[in-house]
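# Survey of secondary and tertiary structure
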Amino acid sequence: MSTKQTSSKMDKIVNQVSVGVMTSGGDSPGMNSAIRAVVRETLRRNYRCYLIREGYAGLISGKIDEANWSSVANITHIGGSFIGTSRCDEFRTYDGRKKAAKQMYERQMFNLVVIGGDGSLTGAQKLKEDWMKIGEELFAEGNIKLDVANKGRELRLVGIVGSIDNDCIETDKSIGSDSALHRICESIDGLVMTAQSHQRIFVIEVMGRHCGYLALTSGIAVEADFVFYPEMSLEENWADKLCQQLETVRKLGKRHNIIIIGEGCKNAKGEKFDAKLVKSEIENRMTAEVRTVSLGHLQRGGTPTFLDRLLGLRMGYNAVKELLRVDKDGKPFTGSQNNASVICLRGHTIKQQSLDKVLRKVEQANDEIKHGNVEKATKLRGTGFLDKTEFVAVVSNPLKTEMSSKSKVFAVIHVGLPVAGMNAITFAFTRMANQQNIEIVGIQGAWDGLKNNGVIPLTWKSVEGWAQEGGSLLGAKRQLPSELDQIAQGLNDHNIDGLLIVGGFTAFVSALIMHKNRSEYSSFNIPIVVVPATVSNNCPGTCASIGADTALNEICRQVDNIRQSAIGSKNKVMIIETMGKRSGYLASMVALATGSDYAITYQNVMDKDQVSQLAKKVKTKLEAGKIDKYLIIKSEDTIENVSSASMKSIFEQEFGEKFSVRITNLGYSQFGGHPTCFDRQMGIRMGIRAFEALFNPKKMGKRDCCVIGLRGSRLKYVPVCGLEKKVCMNHFLPLKMWWIETHSLIERLTWKPEDMEEKTITTS
Ligand code: ADP
Ligand code: F6P
């Protein structure tokens, strides 16, 4: 096949070619969500889509099925990969890749989405590199016709990182890592109970290959006493130091110890370093009962978390957008044709990176670890990772057992509804203070507590176990500071030198009130920090608030159950009402993550006529048997005259006796129980940054009254006075909310276009 021939006979009809999607390597929860998005977005753009089963093995052997819209229905809540995955040595060879390419040419599958870890993406990159040569060979051997060879001159390839290890440097998260953390924390929470009863030490092995992400992140979230991870340099006397630390915390009254060890750990000689070894070293030095646990493949199993479902959906959608990008004339975009890309997450933004660049970085980090250059490897993993290596020590290591001459007193108050993760913030704040000899007091029951002397000391020991506890152990209330003279008096009485306010929009407004009244009340002239904690995610200055992730996971769990009952009993419309007031965050996000049909929020509001039109549309589909249920997620405070009850009656008027409508108001159950790993570790991160700001107000810049905001991948101090102009005080909402633009994907990926035919598809 010469280049000349190819260009002269190029076929212009783009949608004769097709898109293939596959999973490879270790499976991970959330992959199904990505597959669903790839399939539906591809079909929506009028391309054929193929499901490649069993990873590269299936690509080689031709286990490939055409997908239709319903092939990917009801799969977002299921863990693993429903199309199967594998590790396949044959694909590592040129001949293996040639067989795979032949299968692809036969289906004109010249667009490929590979979901997997760095190994799988390396394999994909190799296929792309060999593609032209293989195409020429297949043509020369008479295996493919000229027109097909011409159409397939280029393999368009997009990778999605699906791996629990989260070792791919350019993306903040890979699909599955959050679910794995969820499983790890859940398991260790259970172990803590038995460890406490028996006063035991548990050494727990977690996965992660060469990367310490799972070990470090879970270690922070479960208040582990020590974490071993592959990027750590192990001192020769590590066992003595570890045992000294364990003895110290035992003297402080701790009844149990948790030690986490990442699977890829090696000692200074490069020898494997595992839980059994740690156990025997402890037993040689202490008279304690030590047990080892390997969590193994449990970590990869189970239902995907909210974050992994949403990540899968957004990455899958964006992969197709990139793959099928067209130029202004509607022709396939050729700007980046030589480079395959990977879809990455940076903060809350989806970005693409060159696959080649990403793989080189991962390889470099793995090489550094192999050669014992752990510092370089840690640096390559980025500042977030580096921070974690420091946080682990802060959380677990008591530097001061007793307060000597006190220098300062900082107070912490929980304002707003009690949400999961508030305690984790206070825990980290208090543990940091211990390192700097600062006294911490907790104000019980919000501003009323300060007025009524509800102030208690918080110590290293008294906050033990707080990271894992839901709600607010200090007591929280949704109230603004009033009777300011009493509040000022309370701060004076307890000699407060700095204040941490934990809460949502009310916490932000509280800080603003104090800031504005500084000239009148001298005791308000102290550094003040707000850590956003609200399920509504409406605190300004941040893209994420503590507590929302726990709520979203709980709501997803309940919506999954309701959906199951709707599928079983058929012909039902379910209206599920979430919290969030005027912020539609919970409703929009849950609808996306659960594959619900519709979300109604204040940001995407409907009037009665529109509800009536929707009811008509749903009725037609139910009557035609095109759908068997319809799930609407509705935010509690949309507009006054369209409540859940009035929506129900509009639907019922339309349906008559034919179909039924049910409302479920999830109420306070949405706050969830124990905080998720995300809320714990992000809460701890923010609690640490809050302490640093009060301890050294210069860190906040010119203003010393700030919200700690997650901006991109970083935590920033954002002055409250500047944020006043960026909110709507009537509705308690920030003016800009990043998540609003994702709302349109709910219908796009759920509603099959009217004109799309559902072919009967035979599976291989
Ligand atoms: P992960 O994708 O989870 O990192 P692996 O490293 O086991 O998992 O890789 C999964 C599969 O990707 C392998 O079984 C193989 O088929 C393919 N693969 C990995 N590395 C290469 C490579 N260097 N060349 C070709 N294929 C590869
Ligand atoms: O890459 C994901 C992962 O779960 C690693 O953490 C672990 O080392 C490996 O896969 C386990 O592989 P397998 O499932 O083949 O035993």
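Everything below is about the structure printed above this text.
Presented here is a report on the structure given in the accompanying data block. All values reported here derive from a predicted model rather than from experimental measurement. (Residues numbered from 1 in each chain as written. Chains lettered and ligands numbered in written order. Predicted model: local features only at pLDDT ≥ 70, side-chain atom pairs only at ≥ 80, totals over all residues. Heavy atoms only, no water.)

## Some points on the overall build of the chain
Helix and strand counts for the chain come out as 25 helices and 24 strands. Against the 2.2 N^0.38 benchmark of 27 Å for 764 residues, the chain shows a C-alpha radius of gyration of 28 Å, consistent with a compact globule. Once the C-alpha set of the chain is aligned to its principal axes, its extents read approximately 85 × 75 × 50 Å. Scored against the burial criterion, the 764 residues of the chain give a buried share of 60%. Per element, the accessible surface of the chain, about 30000 Å² overall, is 47% carbon and sulfur. Of note, the chain has its 100 positive side-chain charges centred 3 Å away from the centre of its 85 negative side-chain charges. (Helix = DSSP H or I, 4+ residues; strand = E, 2+ residues; numbered from the N terminus. Rg over C-alpha atoms; globule rule 2.2 N^0.38 Å. Buried < 20%, exposed > 50% of the residue type's maximum accessible area, 1.4 Å probe, protein only. Areas by Shrake-Rupley, 256 points an atom, 1.4 Å probe, with all protein chains shown as cover. Lys, Arg positive; Asp, Glu negative; His and termini not counted. Charge placed at Lys NZ, Arg CZ, Asp CG, Glu CD.)

## Notes on the nonpolar core
Formed by 134 residues in total, the largest nonpolar core has its most connected members in Phe228, Ile259, Val278 and Ile282. With ten residues, the single largest contributor to this core is helix H23 (residues 677–695). Non-local contacts of Ile282, meaning those with residues more than four positions away in its chain, are made with Ile201, Val203, Leu242, Cys243, Leu246, Ile259 and Val290. If you look at the next biggest cluster of nonpolar residues, it comprises 69 residues, including Cys49, Leu311, Leu324 and Val362. (Core = buried A, V, L, I, M, F, W, Y, C linked by side-chain atoms within 4.5 Å. Contact = heavy atoms within 4.5 Å.)

## As for the side chain of Gln435
Looking at the element boundaries, Gln435 is found in helix H15 (residues 422–436). A distance of 3.0 Å separates a polar atom in the side chain of Gln435 from the backbone oxygen of Asn397. (Polar contact = N/O pair within 3.5 Å; in protein donor to acceptor, adjacent residues only side chain to side chain.)

## Observations regarding the site of ligand 2
Around ligand 2, the neighbouring residues are Arg87, Ile164, Asp165, Met207, Gly208, Arg209, Glu263, His297 and Arg300. The separation between an oxygen atom of ligand 2 and a polar side-chain atom of Glu263 is 2.5 Å. Interatomic distance of 2.8 Å between a side-chain N/O atom of Arg300 and an oxygen atom of ligand 2. When isolated, ligand 2 has an accessible area of 400 Å², and the protein chains bury 75% of it. Among the residues making up the shell around ligand 2, the classes are represented as two nonpolar, two polar and five charged. Among the domains, domain 1 (3–174 + 304–347) and domain 2 (177–299) are the pair contributing at least three residues each to the shell around ligand 2. (Near = heavy atom within 4 Å. Nonpolar A, V, L, I, M, F, W, Y, C, P; charged D, E, K, R; others polar. Domains from an automatic or database assignment.)

## Considering the pairing of strand S8 (residues 257–262)
When you tally the buried positions in S8, you get six out of six residues, the bulk of the element. What you see with S8 is no split at all: Asn257, Ile259 and Ile261 on one side and Ile258, Ile260 and Gly262 on the other are buried throughout. In the sheet, strand S7 (residues 226–228) pairs with S8 via three bridges, with the strands oriented parallel. Residue pairing for S8: Phe228 is matched across the bridge by Ile261. Taken together, S7, helix H9 (residues 238–251) and S8 form a β-α-β motif whose crossover is right-handed. (Pairing = 2+ DSSP bridges. Right-handed = clockwise from strand over helix to strand, strands pointing away.)

## Considering the side chain of Glu231
Here Glu231 is to be found in the loop between S7 and H9. A polar contact of 2.6 Å, which involves the side chain of Glu231, links it to the side chain of Arg381. The residues contacting Glu231, other than those within four sequence positions of it, are His210, Cys211, Gly212, Ile369, Val374, Ala377, Thr378, Arg381 and Phe385.

## A short note on the sheet that holds strand S3 (residues 64–66)
Strand order in the open sheet formed by seven strands is S3-S2-S1-S4-S5-S10-S11, and the pairing between neighbours is mixed. Every other strand in the sheet has two partners, leaving S3 and strand S11 (349–354) as the edge strands with one partner each. Pairs of neighbouring strands in the sheet enclose a mean axial angle of 25 degrees, with direction left out of account. Bridging between strand S4 (residues 109–116) and strand S5 (residues 156–161) involves six bridges; their strand directions are parallel. Bridging from a neighbouring strand, Val113 pairs with Val158 of S5. (Axes fitted to C-alpha atoms, helices over the stretch in contact; angles between N-to-C directions.)

## What to know about helix H18 (residues 505–516)
Taking 1.5 Å as the rise per residue, H18 with twelve residues should run 16 Å; its terminal C-alpha atoms sit 16 Å apart, in good agreement. Within H18, ten of the twelve residues are buried, which leaves it mostly tucked inside the rest of the structure. Those residues of H18 that fall on the buried side of the exposure criterion are Phe505, Thr506, Ala507, Phe508, Val509, Ser510, Ala511, Leu512, Met514 and His515. (Expected span 1.5 Å × (residues − 1).)

## Concerning the environment of Ala544
Among the structural elements, Ala544 can be located in the loop between strand S16 (528–532) and helix H19 (548–569). Sequence-distant contacts of Ala544, defined by excluding residues within four places in its chain, comprise His348, Pro532, Asn537, Met686 and Leu710.

## Let's talk about the sheet that holds strand S22 (residues 714–719)
Whenever strands of a sheet pair, they do so through backbone hydrogen bonds, lying parallel or antiparallel. The seven strands are arranged S14-S13-S12-S15-S16-S21-S22 in an open sheet whose pairing can be described as mixed. The open sheet has two free edges, formed respectively by strand S14 (455–458) and S22, since each of these has just one partner strand. Geometrically, the sheet is characterised by an average inter-axis angle of 30 degrees between neighbouring strands, direction not taken into account. Of the strand pairs in this sheet, strand S12 (residues 409–415) and strand S15 (residues 498–503) are connected by six bridges, and their pairing is parallel. Residue pairing across strands places Phe410 opposite Gly498, the latter belonging to S15.

## What to know about a positive patch on the surface
Residues Lys702, Arg703, Arg711, Arg714, Lys716, Lys725, Lys726 and Lys736 make up a contiguous surface patch of positive charge. On the secondary structure map, Lys702 appears in the loop between H23 and strand S21 (705–711). Classification of Lys702 by relative accessible area gives exposed; the value is 88%. (Patch = residues over 30% accessible without salt bridge, like charges linked within 9 Å, V, L, I, M, F, W, Y side chains within 5 Å. Salt bridge = Lys/Arg side-chain N within 4 Å of Asp/Glu carboxyl O.)

## Focus: the packing of aromatic side chains
Counted under the stated rule, the structure contains 21 aromatic pairs. Residues Phe505 and Phe732 carry aromatic rings whose centres are separated by 4.5 Å and whose planes lie at 25 degrees to one another, so their mutual orientation is stacked. Placement of the pair is Phe505 in helix H18 and Phe732 in the loop between strand S23 (727–728) and strand S24 (733–734), with a sequence separation of 227 residues. Taking the relative accessible area as the measure of exposure, Phe505 reaches 2% and is therefore buried. Ring pairs connect the aromatic residues Phe226, Phe228, Trp238 and Phe273, which therefore count as one cluster. Over the face of the ring belonging to Tyr94 we find Lys133, whose NZ or CZ atom lies 4.5 Å from the ring centre. (Phe/Tyr/Trp six-rings, centres within 6.5 Å; stacked < 30°, edge-to-face > 60°. Lys NZ or Arg CZ within 6 Å of the ring centre and 35° of its normal.)

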